[in-house]
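# Coordinate analysis (summary)
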Amino acid sequence: MKVVSRDEIRAVFDPEASLAAVAQAMRRFARGEAQQAAVGHLGFTDPPGDTHIKSAWLRGDDAFVVKLASTFYDNPRQGLPPGSGLMLVASARTGAPLALLQDDGELTDLRTAMAGAVAAQVIADPAWRAPTLGVVGAGVQAELQAAWIARQIGAGRILVWARRTDAADELCHRLQVQGFAADRAPDLTELGHRADLIVTTTPAREPVLLRDMLRPGYRIVAVGADAPGKRELGPGVVAGADLVLADSRSQALDHGECAWARQEGLAAEQVIEIGALLPDGPAPSRGASAVADLTGLGVQDVAIALGVWARLSSYSQQDPS
């Protein structure tokens, strides 16, 4: 088994190919061409953190992936990154481990942002010209989602809100360095009324974004509710949307934003899997509201990990002369 460092992963990582692979994996998942084990989750309170274990195989692939990813929210106070993790690539023919990708959670962060970009493209209004993107949160995922979604929908401006104004200002600065026009929103109501599309990226366990903060025709990509007990969107936001999407209907109804909306009358058949609308499915009509609920798929881990492994294998087989 080859052990691959984060630097080696970064050296071969192809962003555009990975985005296409994540989208294709979501399509295949929606078509029933994937096998996923039940999501494993460990929740910690002192210090606060989450660990996710996911595994999947796409039918016909020569390999499958088992992933462990953790986020411990107080780590930055100790000078440590909040995320860590690894991905194990194993043969689907023999079961033998092939590679341990020691990505420190970076591939998980990237595939989550790519899934957000795919979801945003599905719910975006094609008539938008330089739309405003609203970002709720200021952590690693907030920055990645902001950049990936902004590029995907051609955003002309990014508005950021976070509980800590200094963290929001710091994120705005990092986005400005990347070439985006980014400003801090003074409150969520202004963000909700100015943003054409909003992405929520917090680990909140109580609603952050409420219905009265949103303008008619709101479009939201909700990323934070990826484990039982988490919730970012207030009553009526999901259940009242004209279109409700999810990366996985079963996961979203179990522990995503859709699980809370189900208590408000959302029916399972109202939830459409994003992959079923790719690549050219119908977008929400002009003025309609839409929510995309992302809980994270093992097939997304497969897509990004096998892409890295294929490029590493290709380079290792090249004639060194």
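Scroll up a little and you will see the structure.
For the structure given in this document, a descriptive report is provided here. Please read all numbers here as calculations on a predicted model, not as lab measurements. (Residues numbered from 1 in each chain as written. Predicted model: local features only at pLDDT ≥ 70, side-chain atom pairs only at ≥ 80, totals over all residues. Heavy atoms only, no water.)

## Focus on the sheet that holds strand 9 (residues 157-161)
- Spatially, the eight strands line up as an open sheet ordered 10-9-8-11-12-15-13-14, and their pairing is parallel. Here the strands that pair on one side only, and so sit at the sheet edges, are strand 10 (182-184) and strand 14 (271-273). Shown here is a sheet whose adjacent strand axes are inclined to one another by a mean of 20°, direction ignored.
- Judged from the four bridges that link them, strand 13 (residues 243-246) and strand 15 (residues 290-293) form a sheet pairing that is parallel. From the neighbouring strand, L245 faces strand 15, where its bridge partner is A292.
- In this fold helix 5 (residues 165-177) packs onto strand 9 and strand 10, with an angle of close to 175° to the strand it touches most, strand 10. (Pairing = 2+ DSSP bridges. Helix = DSSP H or I, 4+ residues; strand = E, 2+ residues; numbered from the N terminus. Axes fitted to C-alpha atoms, helices over the stretch in contact; angles between N-to-C directions. Contact = heavy atoms within 4.5 Å.)

## Remarks on the pattern of salt bridges
- Taken as a whole, this structure holds 21 salt bridges when the rule is applied.
- Two residues, E106 and R6, come together in a salt bridge whose shortest N-O distance is 3.9 Å. Here the residue E106 occupies a position in helix 3 (residues 106-123), and R6 occupies one in helix 1 (residues 6-12), the gap between them amounting to 100 residues.
- Since its relative accessible area comes to 31%, R6 is described here as partly exposed.
- D166 is the salt-bridge partner of R164, the closest N and O atoms lying 2.9 Å from each other.
- Here the salt bridges share partners, and the residues they tie into one network are R6, R10, D104 and E106. (Salt bridge = Lys/Arg side-chain N within 4 Å of Asp/Glu carboxyl O. Buried < 20%, exposed > 50% of the residue type's maximum accessible area, 1.4 Å probe, protein only.)

## Examining unusual backbone geometry
- For the peptide bond that leads from D46 to P47, omega is 5°, which places it in the cis range.
- Checked against the element boundaries, P47 lands in the loop between strand 3 (40-45) and strand 4 (48-58).
- Across the junction of L278 and P279, the peptide omega takes the value 0°, indicating a cis bond.
- On the secondary structure map, P279 appears in the loop between strand 14 and strand 15.
- One non-glycine residue, D104, lies in the positive phi region at around 60°.
- With a relative accessible area of 36%, D104 lands in the partly exposed category.
- The phi angle at A130 is positive, at roughly 50°, despite the residue not being glycine.
- Structurally, the position occupied by A130 is in the loop between helix 3 and strand 8 (132-136).

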